[in-house]
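# Commentary on secondary and tertiary structure
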Amino acid sequence: MSPRRFSLARSLLATAGVLVLAWGIDRLAGQVLNPYLYRILVLCGLNVMLALSLNLVNGITGQFSIGHAGFMAVGAYASAAFTVYAVPRLFGVGPEAAGAVVMAPLFLALLVGGSASALAGFVVGLPSMRLRGDYLAIVTLGFGEIIRVAILNIDAVGGARGFAGVPHRTDLAWVLAGAAATFLVLRNLLRSYHGRAFLAIREDEIAAEALGVPTTRYKVTAFVIAAFFAGVAGALFAHYTYLHTNSFTFMKSIEVIVMVVLGGMGSLVGSILGATVLTALPEALRFASAERLIIYSVLLIVLMIARPQGILGKTEGGRR
């Protein structure tokens, strides 16, 4: 067997193993855990996808985007509209369908959501990636708010009422598979020539440009890839719970940024850890309902003082 065929066979085997493992964990969690804990696991997986994708822009490429919730919203509403309006005509599958019948439509809905967000990332990134620092942050912040306000005024997707009628087809298996795919793609990208170009831009953009790295093209590429996976996370979210623009506010973007910073800028494993901790911690503190947010804030402050580089900030692509 040639090295290329062996590599392809190994990749297919690994993919099948990840899918089987995700399905097994979902079945086990559904039997062992109550619905509340099951929901927390699903939200952890979605936030892992968001943190990993944002880390590509903020941690690995060294840009500063604070509008990631906007790309999640684009993916969520695009996939929901596809499921509600296009799937019945293309597949003859209504919201009442279940089981294996909905796997292909849901997979296509995820692709639609991710592609719509990637297109939005390209439209926003192409002109704004020539900016740096605070200016880029302001542009991405404006994009996130524009998307949210625009959705509020589109009656076809529910407007201010929220998008009703989207079937809830996402489960833990889909979320785990999406999180694993995000991690594997970004890990392989980070280890490639393109990943080294991203890191070079982060460390010194002028020097990278002088060495022949097309910095604007790579920054836009990172933005598009990050937007794609944020859109897939949004599509999974749209098919899991009630869809409303309140889930994609500016504070959601800040929450994802905190996850990336807490885990370690540039560290993929750190993003997984940061997203998991910051999703589960508020729920674990519900025993102190009155002081929960105070305890949560104090813990974050103490951690950032003790570990300003993040929990795993000196591993993988983290700053050294």
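Residues numbered from 1 in each chain as written. Predicted model: local features only at pLDDT ≥ 70, side-chain atom pairs only at ≥ 80, totals over all residues. Heavy atoms only, no water.

### Section: the overall build of the chain
We apply this condition: Strands here are runs of E lasting at least two residues and helices are runs of H or I lasting at least four, both read from the DSSP assignment and numbered beginning at the N terminus. Classification of residues uses two cut-offs on accessible area relative to the type maximum, computed with a 1.4 Å probe and protein chains only: under 20% is buried, over 50% is exposed, and between them is partly exposed. Residue burial considers only the protein chains on display, and all accessible areas are found by Shrake-Rupley using a 1.4 Å probe.
What the chain contains, in helices and strands, is 12 helices and 0 strands. Listing each helix as α and each strand as β along the chain from the N terminus yields α-α-α-α-α-α-α-α-α-α-α-α. The burial tally for the chain puts 47% of its 320 residues in the buried class. As displayed, the chain has an accessible area near 15,600 Å², and 69% of this comes from carbon and sulfur atoms.

### Describing the pattern of salt bridges
Note the cut-off: Salt bridges are identified by distance alone: a Lys or Arg side-chain nitrogen within 4 Å of an Asp or Glu carboxyl oxygen.
Throughout the structure, instances matching the rule amount to 5 salt bridges. Between R161 and D155 there is a salt bridge, with its nearest N and O atoms 3.2 Å apart. E203 serves as the salt-bridge partner of R202, at 2.7 Å between the closest nitrogen and oxygen. In this structure R202 comes out as buried when scored by relative accessible area, which is 10%. Using a relative accessible area of 49% as the deciding quantity, one classes E203 as partly exposed.

### Remarks on the side chain of E205
Put simply, the rule is: Note on contacts: a residue pair is in contact if any heavy atoms of the two residues lie within 4.5 Å.
Within the secondary structure, E205 is located in helix α8 (residues 205–210). Beyond its immediate sequence surroundings of up to four residues, E205 is in contact with Q63, R132, A200, T215 and K219.

### Quick look at the side chain of H244
Here is the rule: The definition of a polar contact used here is a pair of N or O atoms within 3.5 Å, where within protein one atom must be able to donate a hydrogen and the other to accept one, and adjacent residues in sequence count solely through side-chain atom pairs.
If you trace the backbone, H244 turns up in the loop between α9 (215–238) and α10 (250–263). At 2.7 Å, the side chain of H244 forms a polar contact with the backbone oxygen of A160. Not counting residues within four places of it along the chain, the set of residues in contact with H244 comprises Y77, A160, R161 and G162.

### Here's the deal with the packing of helix α2 (residues 35–60) against α10
Put simply, the rule reads: Throughout, an axis means a line fitted to C-alpha atoms (over the contacting stretch in the case of helices), and angles, computed between N-to-C directions, take values from 0 to 180 degrees. Angle categories are assigned with fixed cut-offs, so that under 35 degrees is roughly parallel, over 145 is roughly antiparallel, 65 to 115 is roughly perpendicular, and the rest are oblique. Residues are grouped as follows: Ala, Val, Leu, Ile, Met, Phe, Trp, Tyr, Cys and Pro are nonpolar; Asp, Glu, Lys and Arg are charged; all remaining types, including Gly, are polar.
Relative to each other, α2 and α10 sit at 75°, their axes nearing to 9 Å. Looking at the two axes, α2 sits roughly perpendicular to α10. Across the interface between the two elements, N47, L50, A51, L54, N55 and N58 from α2 touch K252, E255, V256, I257, M259 and V260 from α10. Per-class residue counts for the contact of α2 with α10 are 7 nonpolar, 3 polar and 2 charged.

### A look at the environment of L211
As for its position among the elements, L211 is in the loop between α8 and α9. Classification of L211 as exposed rests on a relative accessible area of 75%. In the structure, L211 is positioned 11 residues away from A200 in sequence and 9.8 Å away in space, judged by C-alpha atoms.

### As for the nonpolar core
Going by this rule: Only buried residues count toward a nonpolar core. Its members are Ala, Val, Leu, Ile, Met, Phe, Trp, Tyr and Cys residues joined through side-chain atoms within 4.5 Å.
With 76 residues, the main nonpolar core has F163, L236, L243 and F248 as its most contacted residues. Looking at this core, the element that brings in the most residues is α9, giving 13 residues. What L236 contacts, discounting residues up to four positions off in sequence, is L46, M49, L110, T170, W174 and V175.

### Notes on the packing of α10 against helix α11 (residues 268–284)
Rules: In this scheme the handedness of a crossing depends on how the near helix is turned from the far one: anticlockwise by less than a right angle means left-handed, clockwise means right-handed.
Their axes nearest at 7 Å, the elements α10 and α11 cross at an angle of 125°. Taken together, α10 and α11 sit at an angle that is classed as oblique. Relative to α11, the crossing made by α10 is right-handed. Contacts between α10 and α11 involve V258, M259, L262 and G263 on the former and, on the latter, G270, S271, G274, A275, L278 and T279. Looking at the contact of α10 with α11 residue by residue, the classes come out as 5 nonpolar, 5 polar and no charged.

### Here's the deal with a nonpolar patch on the surface
What counts, and what does not: Patch construction takes residues with relative accessible area above 30% that form no salt bridge. Like charges are linked within 9 Å, and nonpolar side chains (Val, Leu, Ile, Met, Phe, Trp, Tyr) are linked within 5 Å.
Side chains of L119, F122, V123 and L126 sit close together on the surface and give an oily, nonpolar patch of about 380 Å² of accessible area. Residue placement: V123 occurs in helix α4 (residues 103–128).

### Digging into α11
Formally: For a helix, the expected span equals 1.5 Å multiplied by the number of residues minus one. What the arc describes is the spread of directions from the helix axis to the C-beta atoms.
Over its 17 residues, α11 extends 24 Å from the first C-alpha to the last, a length consistent with the 24 Å expected when each residue adds 1.5 Å. Turning to α11, its buried residues are L268, G270, S271, G274, A275, L278, T279 and P282. In a view along the axis of α11, the buried residues occupy a sector of 160°, so they form one face of it. Regarding α11, its N-cap is S267, as a side-chain oxygen of that residue lies 2.9 Å from the backbone nitrogen of G270 further along.

### Concerning the packing of aromatic side chains
Put simply, the rule is: Put simply, two rings from Phe, Tyr or Trp (the six-membered ring, in Trp's case) pair if the centres are within 6.5 Å, and we call them stacked under 30 degrees between planes, edge-to-face over 60, tilted for the rest. Charge-over-ring contacts are defined here by two conditions on Lys NZ or Arg CZ: a distance within 6 Å of the ring centre and an angle within 35 degrees of the ring normal.
Scanning all chains against the criterion turns up 8 aromatic pairs. Seen in terms of ring centroids, Y77 and F248 are 6.3 Å apart; in terms of plane orientation they differ by 65°. Their pairing is edge-to-face. Of this pair, Y77 sits in helix α3 (residues 68–91) while F248 sits in the loop between α9 and α10, and the two are 171 residues apart along the sequence. Like Y77, the residue F248 is buried in the burial classification. The lysine or arginine in question, R217, covers the ring of Y218, its NZ or CZ lying 5.5 Å from the ring centre.

### Considerations on the environment of V261
By secondary structure assignment, the location of V261 is in helix α10. The residues touching V261, leaving out its near neighbours within four places in the chain, are M304 and G310.

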